[in-house]
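# Structure assessment
Spelled out from the first residue to the last, the chains are:
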Amino acid sequence: MRIENNGLNSQASVADSGRSGANGASSAAVETNGNGAGIRNGSGKLEGGSTASSFTMLAPPTPKPSYFGHDREEITRIVIQSLVDLGYHRAAGVLEEESEYTLESPEVSEFRDAVLQGQWNKAEELLFGLEINKDADVNALLFYMRQQKFLELLEVADVSKALHVLRTELTPLNQSVEKLHSLSSLMMCISADDLKARAEWDGAAGLSRQQLLSELSSNSSSNCPLVLTDSDVFCAIESISASVMIPEHRLASLLHQVKQNQLSKCLYHNTANSPSLYTDHHCDRNQFPLSTVEILTDHKDEVWFVQFSNDGTRLATGSKDYTVIIWDLEVISLVVASKDFQPIHHLKEHTGAITYLRWSPDDSKLLSCSQDKQAKLWDTTAGGCIKTMGAHTDWVSSCAWAPDGQTFVTGSVDREMILWNLYGESIHRWTGARVYDLVVTADGTRLAAVCTQMKLHVYNFVTREKEYERDLGGVSTCISVSKDSRYILLNMGAGVQELRLLNIETGADVRHFSGTKQEEFVVRNCFGGADENFVVSGSEDSNVYVWRKENGALVEVLPGHSGIVNCVAWNPTNPYMFASAGDDRNVRIWSKAPQPQLKGKMKGVCSQSHKRDPGCLPESSKQLGLIFVPLSLLTSNLFYNTF
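The structure contained in this document is the topic of the report that follows. Because the structure is a prediction, the values reported are computed rather than measured.

Scanning the chain from N- to C-terminus turns up 12 helices and 32 strands. Here the chain has roughly 30,100 Å² of accessible surface; of this, 51% comes from carbon and sulfur atoms.

In structure tokens form, the structure reads like this:
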């Protein structure tokens, strides 16, 4: 399909909710003197078990060796914290006693208890007795603590005291006016539940105090979300010294960083399972979907669109031949030993090329868009047309479902996007943009569209108001949205020829993906793989391009088509399968390379010559409705949907 002429060529949760002295502080707290020697409450331990006053001159402690190049004290204290996190309190106490290192001082334990018990005046007094990083904004730390105090007062409906805190304790700290306005707006909440929902805060009895401690002890420079508003962000960066109060769950955080580093270097990582700590992580290239395992050839002209159903059991393809075909991926024919993908419906009521397809959230319906200026709603079980939407005055370019499946949006180059209900009635219209593609986020909060005027338009899907628009500096022909509703992916055409990952909240660029070729035709992309680890796109050079989403690294360039690759789609339930559609009239199914056939027979497994004969199945398998398949079929969706 040709582009129109535009004048261009976290961390883990609290493990031990029952403890009162969080972070593993034992009752026999020990301070350290910086050289690794333990000093309990100002006394030094002497030979024979006696103690001496802190004024007594002690012999210099014997330095302890490092732990494989790491500071022994740091390692030991982190292990003590982790033992408490895991619930091994006695082991933590034994380690403290034997190592003479303690997790934290009595002053830190007292501060922690004050925060956890909501003793805010005491907590502020104790805060100034702790070692604060020299670059820390003390007013910001106080604001964070007093904000918690303010919210807790509102939770118990003590509005007058909350107002007093806002005016006399929070305002003088000279934080941003926007933060103060956000807090003051919460005073209008009608109930505690309303407050928690609007502030995204779980209350004094929840984890909010623990989270406050985590932020106060954090030395991370990453953005830490504040529970006030969607747009307000605060982070206690470089606050209380980490050597004084170790950040919560430090070992878990370090292990997470190790895993993420290994995953970022694993080009073919394609599983949602967390890698083992026992060995260094590496994924085999042979386990990645690099091979064409099926070619669907039923269309009589260029195939412009392809999409898997949400449950991964069916595939819809749309063509320039005016037809939509729905394929069944799950049922293997037991009569004809040919394709594993069987066409179950040919939908032929359009009088123009099919430009776009979208399955409803429950897969019971399918939307199709066409150059005949119509969109049609189909019953995917019976294969009949339910409704025809004919309000557009030019070809319909795109469509998207609301997450509840009760409404949908169609876009057209006639400068309109129309919101419809299931009865085919128009509910709302957005005008002004000649739309190439549009999406609705999975959380139902936003509608985003790209147009022929080289702009991105983002709307609040609830209020239907425009949030922002952005000049893209080139024509974008495709927009995809991530499952977490945080990112959008754009194909950029002539003059740019790349894919862009954008933050949907701000419209800012996050990452670029280069290599694909696109000058004058519509080419589409998608997210894919386990956890949407990959970005995939068609291309005008007849190849399929696959990148790592996290770092933009090009994973593979896959040849196979003999014309432009117009569209790609990854199976949402099978990380080892995706499809591509091209001008060569073919749809290619990509998966792992077929494994060599086993010679001879194994008990309970059919031979290759009888692979589609139900009579060769074990009796118990017939009763359970199971079908055994040879290794050559293990790349199909039938196998991988079981995991």
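With that settled, the discussion passes to the pairing of strand β10 (residues 354–359). With 6 of its 6 residues buried, β10 lies for the most part within the structure. Note that β10 and strand β11 (residues 365–370) share 5 bridges and pair antiparallel. By the bridge assignment for β11, L357 is matched with S368. In textbook terms, the turn of a hairpin is the stretch between consecutive antiparallel strands, and for β10 and β11 this stretch comprises 5 residues, one of which, D363, has a positive phi near 65°.

When we look at burial in helix α2 (residues 89–99), the residues that qualify are A92, E96 and S99. Projected down its long axis, α2 shows its buried positions confined to an angular sector of 85°, all on one face. Residues of α2 that are exposed and point over 90 degrees away from its buried face: R90, E97 and E98.

Formed by 38 residues in total, the largest nonpolar core has its most connected members in V306, L315, L366, V587 and I589. When residues no more than four places from it in sequence are discounted, the contact partners of V587 are E294, I295, L296, V303, V306, L315, T317, A579, S580 and A581. By size, the runner-up hydrophobic cluster in this structure holds 37 residues, among which are L142, F143, W201 and L212.

Turning our attention to the pairing of strand β27 (residues 534–537). Note on strand geometry: in a regular strand, side chains alternate between the two faces of the sheet. A two-sided burial pattern is seen for β27, the buried positions comprising F534 and V536 on one face and V535 and S537 on the other. Counting the residues in the hairpin turn of strand β26 (residues 525–528) and β27 gives 5 residues, including G529, whose phi is positive at 85°. Two strands pair when backbone bridges link them, and β27 and strand β28 (residues 544–548) are joined in this way by 4 bridges, in the antiparallel orientation. Across the sheet, residue V535 finds its bridge partner in β28, namely W547.

Okay, a nonpolar patch on the surface next. Side chains of L251, L255 and L277 sit close together on the surface and give an oily, nonpolar patch of about 230 Å² of accessible area. Take L277: it is sitting in the loop between α10 (250–265) and β5 (291–296). According to the relative accessible area criterion, L277 is exposed, its value standing at 51%.

For the rest of this paragraph, the subject is the sheet that holds strand β17 (residues 426–431). In spatial order, the strands read β14-β15-β16-β17; together these 4 strands make up an open sheet with antiparallel pairing. Two strands close off the open sheet at either side, each with one partner strand: β14 (396–401) and β17. Pairwise comparison of adjacent strand axes, ignoring direction, gives a mean angle of 20° for this sheet. With 5 bridges joining them, strand β16 (residues 416–421) and β17 adopt antiparallel strand pairing. Across the sheet, residue E416 finds its bridge partner in β17, namely T431.

Definitions and limits used
Residues numbered from 1 in each chain as written. Predicted model: local features only at pLDDT ≥ 70, side-chain atom pairs only at ≥ 80, totals over all residues. Heavy atoms only, no water. Helix = DSSP H or I, 4+ residues; strand = E, 2+ residues; numbered from the N terminus. Areas by Shrake-Rupley, 256 points an atom, 1.4 Å probe, with all protein chains shown as cover. Buried < 20%, exposed > 50% of the residue type's maximum accessible area, 1.4 Å probe, protein only. Pairing = 2+ DSSP bridges. Arc of directions from axis to C-beta. Core = buried A, V, L, I, M, F, W, Y, C linked by side-chain atoms within 4.5 Å. Contact = heavy atoms within 4.5 Å. Patch = residues over 30% accessible without salt bridge, like charges linked within 9 Å, V, L, I, M, F, W, Y side chains within 5 Å. Salt bridge = Lys/Arg side-chain N within 4 Å of Asp/Glu carboxyl O. Axes fitted to C-alpha atoms, helices over the stretch in contact; angles between N-to-C directions.

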